[in-house]
Structure formats: structure tokens, C-alpha cells
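# Report on the structure
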There are 2 protein chains.
Amino acid sequence: MALDLFLLAGMVFDDNAAAADRGRVVSVSMFVAVLCLCVVVGHLLEENRWTNESITAIVIGCIVGTIILVTSKGKNSHIVRFDQELFFMYLLPPIIFNAGFQVKKKQFFHNFLTILLFGIVGIFISFAIISAGSWKLFPKIGFTGLSIQEYLALGAIFSSTDTVCTLQVLHQDDTPRLYSLVFGEGVVNDATSIVLFNAIQKLDVSKLEGWAVLHVFGDFLYLFSTSTILGIAIGLLTSYALRVLYFGRHSTDREIALMVLMAYLSYMMAELSQLSGILTVFFCGIVMSHYAWHNVTENSRITARHIFATMSFIAETFIFLYVGMDALDIQKWKAMKTSLKTCFGIYGVIIFLVLLGRAAFVFPLSILSNYISSHSEASLITLRHQVVIWWAGLMRGAVSIALAFSQFAHSGVTWDPVYATMITSTIVVVLFSTLVFGILTKPLINVVLPHHDQQPKADDITLPLIPPVDSAESGLLQARRSLSRLLARPVHTIHAYWRKFDDKYMRPVFGGPT
Amino acid sequence: MALDLFLLAGMVFDDNAAAADRGRVVSVSMFVAVLCLCVVVGHLLEENRWTNESITAIVIGCIVGTIILVTSKGKNSHIVRFDQELFFMYLLPPIIFNAGFQVKKKQFFHNFLTILLFGIVGIFISFAIISAGSWKLFPKIGFTGLSIQEYLALGAIFSSTDTVCTLQVLHQDDTPRLYSLVFGEGVVNDATSIVLFNAIQKLDVSKLEGWAVLHVFGDFLYLFSTSTILGIAIGLLTSYALRVLYFGRHSTDREIALMVLMAYLSYMMAELSQLSGILTVFFCGIVMSHYAWHNVTENSRITARHIFATMSFIAETFIFLYVGMDALDIQKWKAMKTSLKTCFGIYGVIIFLVLLGRAAFVFPLSILSNYISSHSEASLITLRHQVVIWWAGLMRGAVSIALAFSQFAHSGVTWDPVYATMITSTIVVVLFSTLVFGILTKPLINVVLPHHDQQPKADDITLPLIPPVDSAESGLLQARRSLSRLLARPVHTIHAYWRKFDDKYMRPVFGGPT
């Protein structure tokens with residue numbers, strides 16, 4: 001009624017504005033209704049071995065898209081247009097903050113070096129392979145028209161992974177190290193690919209020289225460190241405020257409001273300062289769960305944990321639902337003038353490069369990591385684990401779509417046939433990888449980690465996970481162990497010092513378990 | 001970074017779009033930062049006897065508005081433009097849903113008739129007095145140019161009250177009946193004034209006859225009943241789904257997501273069906289807290305209670321902050337060409353009519369209610385309580401502002417001098433009533449209800465609240481009591497039947513304490 005009355009009021013001045021308002025109400029209602037449907041169906045299919053939440057949302061999105069397409073007689077397939085602002089300003093921050101808030105900090109920091117190795121060096125390798133590969137292979141299958149910069153952007157677009165699917169299958173309690181590696185890499189690599197994409201946008205390709213790569217890498221390290229520091233600073237400020245002001249005395253709601261608002265503020269401030277909001281909000285989440293968490297009432301703790309998880313859950317479902325609907329957007333398919341054969345060639349090339357690019361860094365870097373950071377057999381990345389890590393990063397998700405739209409479309413629309421082909425290819429790759437690789441994930445993990453299912457939360461679960469495959473190398477193990485022990489000591493020492501420092505200086509000021 | 005990169009991408013095509021995006025980031029960040037400030041300052045001033053959350057937010061809004069005005073050299077005073085869509089689609093629903101979710105149902109339904117009497121009949125009386133009064137008095141102080149319809153709209157705009165301020169002072173445990181009356185009337189009267197405003201927009205004033213009033217009233221009753229039924233239906237559906245699907249088995253987050261989404265959906269569906277979203281979402285909240293609440297896990301219960309309260313808290317702070325900033329919008333003051341004397345005349349007339357219009361229904365209707373619905377001295381509305389109820393409804397708030405903008409402005413801007421005067425008058429009245437009446441509320445209630453402070457949650461607290469003022473009427477009381485007993489029986493019987501029906505048929509299906 002209230003809205004309707006504004007429509008009437010608006011109509012006096014402007015018929016279009018009123019129609020747009022009305023349309024907004026219809027589309028928001030439909031989207032919310034479909035989201036509810038996703039929640040219910042996702043719950044009913046929880047026990048199903050082939051599917052998961054993302055796949056459910058995408059499939060429902062496709063079905064709804066088809067229905068809209070039929071009822072609108074081919075004019076339209078989505079409820080809302082893809083909006084980068086919506087994605088980057090409102091949907092991504094809660095997902096990433098929640099990731100930081102729920103991460104098991106001990107495992108995460110224990111594996112910090114390996115995570116950075118995968119998430120930064122790995123993405124650079126994958127980026128180089130996908131960029132170079134598509135630049136070489138696209139003309140061979142008869143697709144031309146992209147500039148050097150666009151090939152580089154393509155590398156960044158298809159280097160961002162979506163590990164949600166695998167994380168739903170792995171269990172944090174059964175394989176803590178593997179979980180933490182897959183999870184940590186997922187977050188770092190989202191940030192890396194966005195930062196990399198941004199650096200490429202600024203790159204002046206005409207003056208490209210050898211130093212440019214180093215420059216991009218330098219830029220990246222600067223962004224990484226400043227964004228992290230900002231996130232930690234805001235997290236500490238919030239913890240301190242919550243501790244000193246002791247909000248719970250009057251109102252639990254104020255505590256929660258302050259946590260939510262400060263978390264969001266950290267993201268926005270990073271964006272304003274041209275830093276990486278993703279990294280900032282992630283570290284803000286880690287700091288808040290480490291300190292702020294202990295300064296609030298028991299009710300606030302429970303609420304905070306679930307409020308962030310629920311927001312993240314809704315945002316993720318929203319994104320996958322959207323991707324499903326967008327796949328049926330007839331305009332893009334019409335705008336594209338590429339032949340069917342070339343199209344399938346492009347999809348094949350990209351999927352091949354994604355598989356190759358990921359293999360090219362997961363296996364070598366795992367071996368490197370085993371040499372430098374491990375100090376016992378339990379913390380080696382076994383071949384089976386390497387396969388799981390490789391597989392976990394094959395899915396492409398919302399970040400790829402958002403980057404592709406920002407590169408090849410303007411306000412969600414593109415009329416250029418080459419650009420339209422790139423956007424539809426991104427959608428196809430995202431759909432294919434999420435659906436096909438996603439459906440295979442559960443069976444694959446059951447095969448690769450056979451004890452995974454039968455192992456209900458044993459205390460010492462790392463032992464049976466060393467597969468017999470590696471036992472042939474046991475000669476090498478001896479030598480490796482002595483080297484790694486030397487290298488492991490500083491890491492251990494740093495950790496011990498940090499614990500002392502934390503207990504003595506940080507926790508008394510910012511809060512912690514007493 | 002991510003956003004910045006889209007700005008760069010956008011800039012190739014459209015400089016303005018990029019600037020607008022950037023502006024959006026800046027304004028959202030600033031608004032979030034100021035919201036945080038409000039939370040902290042509101043907490044620090046909690047114990048202060050003159051102020052409350054609304055006043056704090058308005059004052060901070062004014063200060064920030066002044067700073068923006070100075071730094072932008074008089075160009076601008078607010079961070080975001082007033083957006084009816086934002087208000088009615090995103091800010092109002094959580095506030096009203098939370099009201100329904102937290103209401104003490106027993107008291108609310110016990111006083112249902114009185115609440116409806118105040119909230120519906122009362123608003124019609126107040127509306128008539130304000131419309132007629134302004135129509136008579138405005139020309140006398142030299143302000144002309146409004147049509148009949150606009151005078152009627154003015155009546156609806158200034159009939160909606162904002163009881164938040166008083167509710168922060170009253171305690172639900174000390175004076176349950178008074179609290180429930182003030183609270184219930186506040187919700188019903190928001191809905192009534194919006195529905196009334198809408199009816200006036202549709203009214204063809206040229207064909208105005210005696211039947212029109214009846215027609216508006218009939219329309220209103222239809223809307224009231226259908227909106228209520230829709231809200232109850234969606235609430236029951238959600239409760240049933242939560243009970244049957246037993247989400248908690250897998251995920252607490254899904255339960256909360258479903259509750260939040262369904263609550264919002266109820267509002268949107270009402271809007272789509274041209275019903276009153278406010279009433280729908282309010283009754284949806286009541287039903288959810290009565291049934292759905294019992295079907296979820298313990299953690300979900302705690303989270304749900306706080307998630308809704310926090311959302312409502314943030315939305316309220318947001319609105320008051322905005323009102324404070326908007327007061328300094330220089331454009332509106334410039335567009336207005338009314339002399340200072342006339343302006344103050346208008347403010348005086350409106351405030352006088354608000355005081356009069358409210359007095360004209362609170363006192364007579366309280367007496368009427370005492371005659372028909374009470375069945376013991378404890379549930380009489382004493383004169384002291386009548387004064388509190390009258391005072392509680394003097395504040396004007398966000399609904400008034402939103403309605404005034406929808407009547408007199410288009411997309412938050414107005415160039416017509418008469419309309420600009422009306423908008424600035426609304427803002428002045430809202431500020432004046434919230435600040436001046438608001439500051440006086442705590443002292444006034446302490447004087448009118450002297451035992452209020454010293455009475456920490458006694459079990460039988462209604463007795464000392466019957467003031468000696470009424471004891472003179474004790475002769476009348478006898479007669480009144482026998483009449484009321486006769487009338488009270490059906491109400492009591494209905495309540496008893498409902499309890500039986502609820503226990504036997506509703507709770508086993510939709511959930512409830514076992």
C-alpha cells in the first residue's frame with residue numbers, strides 16, 4: 001500500500017519512474033520468494049550425495065529463468081540485472097567477513113606460509129598460463145578480436161576460484177590441515193585475483209616491458225600489507241571499544257550493531273583508500289573473533305556467530321541463483337555472433353587451461369611446501385591431499401562473473417559481439433565447472449580420501465591419511481625432515497613469541513578468554 | 001579496490017556514472033561511520049535523564065549536516081537524498097516486524113479493543129481536526145495555495161505518531177497495561193495514517209460528498225482485515241515449514257534465513273497486493289513469535305530475537321540521523337518563499353493542532369474504553385495514564401517525513417515554494433516535537449507516575465498506579481463495574497475459547513511450548 005501510494009504520487013510527474021518502482025517491488029518479492037525456495041530445497045537435498053547448496057541454487061535459478069523467459073515471451077530471463085555495485089558493495093563483504101570470523105585461527109596461521117604460496121604465487125602461475133594459453137589458442141580456433149590487455153584480464157578472471165563446493169564436502173574436524181589449506185587459499189586467491197585484475201586495468205600495455213611484471217607484484221605486496229594492517233587496526237579498535245564501553249550492561253543489540261557496522265566500515269574504508277576491501281574485512285573478521293568476541297555477552301556471541309553466517313549464506317545463495325538466471329539471458333546470446341563450433345572451442349580451451357593452470361602450481365608448490373615448512377610426517381601435503389586441493393580450486397564462481405562483467409560489459413549490457421562471446425563463455429565455464437565438477441566432488445573425495453567418511457572425529461586423524469603412495473619415498477623423507485626441522489624452527493619460535501606477546505600485552509587490552 | 005576498478009572500467013564509457021559510483025562509496029562509508037558514532041554516544045548517554053536514542057541521533061545528524069554544509073560551502077547538507085523507496089522497502093519493515101515479534105501478546109490482545117479504538121477511531125478524529133484546523137487557520141496567518149486534497153493529506157501526515165521516545169522511558173514490567181496501550185496504538189496508528197494517506201491520494205476531491213468518508217472508512221476496514229489475514233497466513237506457513245522440515249538438524253543458519261526472508265516476503269507480498277505491508281508484517285511477527293519461535297533450536301531463538309532487534313535498532317537510528325541531516329538542507333529553505341513570521345505561524349498552528357487533535361480523542365476514548373472494556377479497577381485507564389498516553393503520541397517521526405516527501409516532493413526535491421514550505425514545516429515539527437517533547441518525557445513521566453521509578457518489578461504493580469484522583473468517582477465505579485462485567489464476559493469467553501482452540505488444534509500443527 002505504502003509503496004503503491006508512492007507510485008501514484010510519482011505517476012503525476014513521471015510514468016516511467018512509477019513503472020520502475022513497481023517493477024522493483026515485483027522483482028524484489030520474486031527474488032526473496034525464490035531465495036526461500038532455495039533454502040527449503042537445499043535443506044531437503046542436504047543428504048543427497050551428488051548435490052550441494054550452490055548446485056541447487058544454480059539449478060533453481062535456471063528453472064526460474066526459463067519460466068520468466070517463457071512468460072515474458074523471450075524478452076527477459078532474469079529478475080534483476082547483474083549489478084557490480086550490488087555484488088561488491090553488499091554481497092561480497094558479508095561472505096568474506098564471515099570467512100574470517102569462522103576460520104580456525106590456529107590451523108590457518110600454522111599453514112600461513114603454504115596458504116600464501118598457493119594463494120599468491122599459485123595465482124600468478126595460473127594467471128600466466130591462462131593468459132598465454134588463450135592468447136596462443138584462441139586465434140587457432142578462429143576467435144580473434146581481443147587485445148593483449150583483454151587476454152591478461154581473462155587470465156585474472158579465470159584464476160579466481162570458488163571453493164565453497166569442496167568445503168561443504170570436507171570436514172574441518174576430520175582433515176583440519178586440508179580444510180584449512182583449501183579454505184585459506186580460497187580467500188587469499190579471491191583477493192589476489194581481484195587485485196591482479198585491477199592492476200591489469202591500470203597497466204599501460206603499449207609500454208609493456210620486463211619490469212611491468214615486477215611492478216605488478218610490488219603493487220600487490222604493498223596492497224596486501226596495507227589492507228591487512230587496516231583490517232587488523234579496525235578489528236582492534238572495535239574490540240577495545242566493546243571492552244571499555246561494556247555495552248552489554250545496557251543492550252546486547254548495541255554490541256551486535258557495532259560489530260556489524262564496524263565490519264562493514266572496514267571494507268568500505270579499504271575501498272575508499274584504494275586498498276583491497278576483501279583482505280581488510282577478512283583480517284578484521286579474524287581479529288574480531290579473536291578479541292571482540294570475548295568482550296560481549298553470551299547472547300551476543302551466539303547471535304554474532306549466526307548473524308554473520310546467515311548473512312553470508314543468503315549472499316551466497318543470492319549469487320548462485322543469479323548466475324543460474326543469467327545463463328538464460330537471451331540478449332547476450334543474440335549479441336554474440338560467433339559460430340557454435342568456435343564457441344565450444346572457446347569453452348574447451350578455457351576449461352583445459354583452468355585444469356592445466358591449477359595443476360601447474362598445486363603439485364610443484366605442494367612439493368616445495370613439503371620441503372620448507374613441514375616438520376613431521378603429519379603435516380606433509382600427501383599426493384592424495386594435493387589432488388583434493390587441485391580439484392577444490394577448479395570451480396569458478398561469482399568473482400569470475402563479476403570481473404567478466406566489469407571487463408566486457410557496461411551496466412550489465414554488452415552489444416559488442418566479441419565481448420558478448422566472452423561474457424557468455426564465462427557464464428558457461430562457471431556453470432559447467434560448478435555443476436559438473438561440483439557433482440563429481442563428493443564421489444571423488446570419497447575415492448581419494450577413503451577413510452574420510454568412516455572417521456567420525458577421531459582425535460588423531462592425520463595418521464591414516466598418509467596414503468601408501470608416499471611410503472615409497474621414505475628414503476627421501478629422512479633427508480627432507482632434517483632440512484625442514486631447520487627451517488621449521490623460526491616459524492615455531494615466532495608462533496611461541498606471538499602467544500606470549502598476545503597473552504601478556506594484547507589480551508589484557510583488547511579482550512580474550514580469562 | 002574492487003570498486004575502484006569498476007570505476008575505472010566505467011570511466012571509459014561514462015564519467016558521470018563513475019563519479020556517481022565513487023560518491024556512493026563515500027556516502028555509504030560516512031553514513032556507516034556516523035551510525036557507529038550514534039551507537040557509542042547513545043550508549044554513553046543511556047543514563048542521562050534528558051536524552052534518549054532518537055534525540056542523540058537527531059542531534060548528531062544536525063552536527064554532521066552542519067559540518068557537511070560548511071565543508072561543501074553551502075552546497076549540500078546530507079549524505080544521501082531522502083529516498084522513499086529506501087524508507088518503505090528496507091527501513092520500515094524490520095522496525096515493524098520487530099515490534100510484532102517482541103510484543104507481549106497476552107497484554108496486547110487483552111487490550112486489543114482499546115488499542116483499535118485509539119489507533120483507528122482516534123486517528124480519524126485527529127485527522128479531521130488537523131485537516132479542518134489547518135484549512136481554517138492557514139489562510140488567517142497569510143498562507144494560501146494548498147488544495148483541499150493537500151489539506152486532507154496534511155491531516156494524515158500529522159496524525160502518525162512516533163512512540164519510540166516514550167517507550168524507552170516506560171517499563172514493560174512496571175506498567176504492563178500502559179506500555180501495551182502506548183505500544184499497540186503506535187503500531188496501529190502508523191498503519192492507519194499510511195492507509196488513510198493512500199485513500200486520500202486516490203480520492204476524487206471534485207466529487208466529494210458525504211458518502212466519501214464512509215467509503216474511506218470501508219476501504220480502511222477491508223484493508224485492515226485482509227492485511228491481517230495475509231500476515232497471519234504467512235506466519236503460520238513459516239511456522240509449519242520450520243516444524244515439519246526441522247531445519248535445525250542441519251543448520252541453524254537456514255532457520256534464521258528462512259524466518260528473515262519470509263518476514264520480508266510477507267511485507268512485499270502485501271505491497272504487491274495493494275494491502276498494508278505494515279499491518280501484514282506486524283501480524284506475521286506476532287504469529288512467528290507465537291509458533292515458529294518454538295520450532296527452532298535454542299541458538300536460533302536467541303539469534304532471531306537479537307537479529308530482529310538489531311535490524312530495527314539500526315533502521316531507527318538511520319532514520320533519525322537522516323532527519324537531523326535533512327533539517328539543514330539549504331535547497332529546501334531557499335526554495336521556500338514564505339516570510340519568517342508566516343513560517344512560525346505555520347509551525348505554531350500545526351503544533352497546536354497536534355496537541356489538540358490528540359487530546360480530542362485520548363481523553364474521550366479512554367472514558368469510553370473504561371466503560372465498555374474494563375472489568376476491574378486494575379484495568380481502568382486512570383487520568384494519569386491518559387496523560388501519559390496523550391503525551392506519548394505527541395512526537396512526530398519518520399512516517400510523517402516520508403509521507404510529506406511523497407505528497408510535496410518528487411524524488412526528494414521540490415521547487416514549488418508552497419510545497420517547500422510544507423516540507424520544511426514537517427521537518428521543523430518533527431524536530432521540535434522529538435527534541436522538546438522528547439526531552440520533557442522522562443521528567444514528565446516521573447511526575448505523573450511518581451511510583452514508576454521506585455517500583456522495581458513488583459508482581460502486583462497495578463494497584464499503586466490507581467491514583468487518588470480517581471477515587472472521587474468511586475460512586476460511579478459501582479455502576480460502571482456492573483455494566484462492564486456484562487460487556488467483559490464475551491471478551492473473556494472469546495479469550496478462553498481461543499486458548500482451548502490454540503492448545504488443541506493450532507499448537508500441535510504449528511508449534512508451541514510442550
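Residues numbered from 1 in each chain as written. Chains lettered and ligands numbered in written order. Predicted model: local features only at pLDDT ≥ 70, side-chain atom pairs only at ≥ 80, totals over all residues. Heavy atoms only, no water.

As annotated in an unreviewed UniProt entry, chain A carries the name Cation/H+ exchanger transmembrane domain-containing protein and is attributed to Ensete ventricosum. Looking at chain A in UniProt, the text filed under Subcellular location (unreviewed entry) is "Membrane". (UniProt positions renumbered as here; feature names shortened; annotations may be inferred.)

## Thoughts on the packing of helix 4 (residues 84–102) of chain B against helix 17 (residues 398–408) of chain B
Residues and elements named next belong to chain B. At a closest axis distance of 10 Å, the pairing of helix 4 and helix 17 adopts a crossing angle of 135°. Our classification of the angle between helix 4 and helix 17 gives oblique. Remark: the crossing between helix 4 and helix 17 carries left-handed chirality. In contact with Gln84, Phe87 and Phe88 of helix 4, helix 17 contributes Ala398, Val399, Ala402, Leu403, Phe405 and Ser406. Taken together, the residues of the contact of helix 4 with helix 17 sort by class into seven nonpolar, two polar and no charged. (Axes fitted to C-alpha atoms, helices over the stretch in contact; angles between N-to-C directions. Helix = DSSP H or I, 4+ residues; strand = E, 2+ residues; numbered from the N terminus. Parallel < 35°, antiparallel > 145°, perpendicular 65-115°, else oblique. Left-handed = near helix turned anticlockwise from the far one by under 90°. Contact = heavy atoms within 4.5 Å. Nonpolar A, V, L, I, M, F, W, Y, C, P; charged D, E, K, R; others polar.)

## Some words on the state of the cysteines
Residues and elements named next belong to chain B. One pass over the structure, following the stated rule, counts zero disulfides over all chains. Looking at the unpaired Cys38, the closest cysteine sulfur is the one in Cys36, lying at 9.4 Å. The thiol of Cys62 is unpaired, and the distance to the nearest cysteine sulfur, on Cys38, comes to 11 Å. (Disulfide = S-S within 2.5 Å.)

## Details of the pattern of salt bridges
This structure, assessed with the given rule, holds eight salt bridges over all chains. As a salt-bridge pair, B:Glu53 and A:Arg254 come within 3.0 Å of each other at their nearest N and O atoms. Linking B:Glu53 in helix 3 (residues 53–71) with A:Arg254 in helix 11 (residues 252–272), this pair reaches from one chain into another. The buried category is assigned to A:Arg254, whose relative accessible area is 4%. A salt bridge links A:Asp503 to A:Arg507; its shortest N-O distance comes to 3.2 Å. Of the two residues, A:Asp503 and A:Arg507 are both situated in helix 19 (residues 474–510); the distance of four residues between them amounts to about one turn of the helix. (Salt bridge = Lys/Arg side-chain N within 4 Å of Asp/Glu carboxyl O. Buried < 20%, exposed > 50% of the residue type's maximum accessible area, 1.4 Å probe, protein only.)

## What to know about the nonpolar core
Counting 292 residues, the largest nonpolar core has A:Phe138 and B:Phe138 as the members making the most contacts within it. Not counting chain neighbours up to four residues away, the residues in contact with A:Phe138 comprise A:Phe143, A:Leu146, A:Tyr151, A:Leu154, A:Ile346, A:Val349, A:Ile350 and A:Met422. Residues A:Ala335, A:Met336, A:Ala420 and A:Val428 belong to the second largest nonpolar core, which totals six residues. (Core = buried A, V, L, I, M, F, W, Y, C linked by side-chain atoms within 4.5 Å.)

## Side note on the interface of chain B and chain A
By convention, interface size is frequently given as the accessible area that disappears when the constituent parts associate. Across the contact, 76 residues belong to chain B and 77 residues belong to chain A. Taken together, both faces of the contact between chain B and chain A bury some 7,200 Å²; the carbon and sulfur share is 72%. In this structure, the connection of chain B to chain A is made through two salt bridges. Taken together, the connections running from chain B to chain A amount to six residue pairs in polar contact (both at pLDDT 80 or more). Where the side of chain B that touches chain A is concerned, the elements lending two or more residues are helix 1 (2–13), helix 2 (15–44), helix 4, helix 9 (176–202), helix 10 (210–245), helix 11 (252–272), helix 13 (298–326) and helix 17 of chain B. Residue classes in the side of chain B that touches chain A are distributed as 44 nonpolar, 17 polar and 15 charged. (Buried area = accessible area lost by both parts, 1.4 Å probe. Polar contact = N/O pair within 3.5 Å; in protein donor to acceptor, adjacent residues only side chain to side chain.)

## Re the confidence of the model for chain A
Residues and elements named next belong to chain A. The pLDDT averaged across chain A works out to 79; a share of 80% of its residues lies at or above 70. Per-element confidence in chain A is highest for helix 11, whose mean pLDDT is 91, and lowest for helix 1 (residues 2–13), whose mean pLDDT is 32. With pLDDT under 50 throughout, residues 1–17 is counted as low confidence; its partners more than four residues away or in other chains account for 38 contacts. Of the regions scoring below 50 in pLDDT, residues 453–473 engages in 25 contacts with residues more than four places distant in sequence or in other chains. (pLDDT = per-residue confidence, 0-100.)

## Some remarks on a nonpolar patch on the surface
On the surface, A:Trp50, A:Phe432, A:Val436, A:Ile439 and A:Leu440 cluster together into a nonpolar patch covering about 400 Å² of accessible area. Secondary-structure assignment places A:Ile439 in helix 18 (residues 417–448). (Patch = residues over 30% accessible without salt bridge, like charges linked within 9 Å, V, L, I, M, F, W, Y side chains within 5 Å. Areas by Shrake-Rupley, 256 points an atom, 1.4 Å probe, with all protein chains shown as cover.)

## As for the packing of aromatic side chains
Residues and elements named next belong to chain A. On inspection of all chains with the given rule, the structure shows 52 aromatic pairs over all chains. Measuring from centroid to centroid gives 5.6 Å for Phe109 and Phe112, while their planes differ by 40°, and the two rings are tilted. We classify Phe112 as partly exposed; its relative accessible area is 23%. What links up through ring pairs into an aromatic cluster is the set Phe108, Phe109, Phe112, Phe282 and Phe283. (Phe/Tyr/Trp six-rings, centres within 6.5 Å; stacked < 30°, edge-to-face > 60°.)

## Side note on the relation of the copies chain B and chain A
Superposition record for chain B on chain A: RMSD 0.0 Å, screw rotation 180°, translation along axis 0.0 Å. In short, the pair behaves as if placed about a two-fold rotation axis. Closest approach to the rotation axis among the C-alpha atoms of chain B is made by B:Thr303, whose C-alpha sits 2.2 Å away. Most of the interface of chain B is mirrored in chain A, where 100% of its interface residues are also at the interface. (Least-squares fit on C-alpha atoms with pLDDT ≥ 70 in both.)

## Some words on the environment of A:Leu117
All names here are of chain A. Within the secondary structure, Leu117 sits in helix 6 (residues 112–140). As a C-alpha pair, Leu117 and Val362 span 245 residues in sequence and 9.6 Å in three-dimensional space. What Leu117 contacts, discounting residues up to four positions off in sequence, is Gly122, Leu365, Leu368 and Ser369.

## Quick word on unusual backbone geometry
Despite not being glycine, A:Gln274 has its phi angle at roughly 65°, a positive value. Take A:Gln274: it is sitting in the loop between helix 11 and helix 12 (277–290).

## Remarks on helix 7 (residues 148–157) of chain A
All names here are of chain A. For helix 7, the buried fraction is high: eight of the ten residues fall into the buried class. Inspection of helix 7 places Glu150, Tyr151, Leu152, Ala153, Leu154, Gly155, Ala156 and Ile157 among the buried residues, and these make up the whole buried set. On the buried face of helix 7, the contacting elements are helix 6, helix 9 (176–202), helix 17 (398–408) and helix 18.

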